[in-house]
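Tertiary structure, described
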Amino acid sequence: SLPTIVPTPAPSPLYPPPTSSPTLPPSSVPTLPPSSLPTYLPSFAPTVTCTSGSYYNGLTCIACSNGKYSLFDLPPYPTACTLCPAGQYNTQSSSTSCDSCAIGKISSSDRTFCKDCDAGEFNYNNTECKKCEEG
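These lines cover the structure that appears in this document, whether it is placed above or below. The structure displayed is predicted, hence computed values, not measured ones.

As a further point, take the side chain of S107. The residue S107 is located in strand β7 (residues 106-107) in this model. The class of S107 is buried, set by a relative accessible area of 6%. A distance of 2.9 Å separates a polar side-chain atom of S107 from the backbone nitrogen of G87. At 3.4 Å, the side chain of S107 forms a polar contact with the backbone oxygen of Q88.

Have a look at this one:
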């Protein structure tokens with residue numbers, strides 16, 4: 001048996017046939033070369049580089065304050081620093097970590113130092129003070 005020749009379908013009428021001339025006439029005004037001046041359009045990525053121990057406030061990088069830390073140095077940058085966990089503290093700005101309080105001490109609410117519990121309280125898991133039961 002001999003192969004048969006199958007005709008190819010005609011081009012779709014939805015698309016115009018190709019032409020040898022451009023669809024838009026060339027502009028009579030040349031395009032401008034790139035400018036070194038800033039544009040009025042916002043960029044999609046920050047044009048600043050933040051380091052660990054800082055956060056991005058939308059305009060610039062700000063150092064984390066005492067008791068807080070940041071680990072990220074690649075976009076997207078954090079928009080706030082993280083408070084040290086309970087039972088930990090730090091005493092320096094721009095921190096990338098927190099130190100553990102000594103056994104028997106808890107961290108202050110702002111995580112900038114460690115302290116003892118008040119009289120009538122006990123240290124619970126080095127994270128909080130709880131009132132002692134009477135007796």
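From this point, the discussion proceeds with the structure in view.
Right, let's talk about the pairing of strand β9 (residues 121-124) for a bit. The pairing of β9 with strand β10 (residues 128-131) spans 4 bridges and is classified as antiparallel. Counted as the bridge partner of N123 is C129 from β10. As consecutive antiparallel partners, β9 and β10 are separated by 3 residues, and within that stretch N125 has a phi angle of approximately 60°, a positive value.

Within the element layout of this structure, D99 appears in strand β6 (residues 99-100). Sequence separation of D99 and Y89 is 10 residues, and the distance between their C-alpha atoms is 5.4 Å. Apart from residues no more than four positions distant in its own chain, D99 is found in contact with G87, Q88 and Y89.

All right, on to the pattern of salt bridges then. Evaluation of the coordinates by the stated rule reveals 1 salt bridge. K105 is paired through a salt bridge with D116; the nearest N and O atoms lie 3.3 Å apart. Of the two residues, K105 sits in the loop between β6 and β7 while D116 sits in the loop between β8 (114-115) and β9, which places them 11 residues apart along the sequence.

Turning to its location among the elements, Y77 is positioned in the loop between β3 (68-69) and β4 (82-83). Along the backbone, Y77 and T51 are 26 residues apart, and their C-alpha atoms lie at a distance of 8.9 Å. A distance of 3.4 Å separates a polar atom in the side chain of Y77 from the backbone nitrogen of C50.

Thresholds, definitions, all that
Residues numbered from 1 in each chain as written. Predicted model: local features only at pLDDT ≥ 70, side-chain atom pairs only at ≥ 80, totals over all residues. Heavy atoms only, no water. Helix = DSSP H or I, 4+ residues; strand = E, 2+ residues; numbered from the N terminus. Buried < 20%, exposed > 50% of the residue type's maximum accessible area, 1.4 Å probe, protein only. Polar contact = N/O pair within 3.5 Å; in protein donor to acceptor, adjacent residues only side chain to side chain. Pairing = 2+ DSSP bridges. Contact = heavy atoms within 4.5 Å. Salt bridge = Lys/Arg side-chain N within 4 Å of Asp/Glu carboxyl O.

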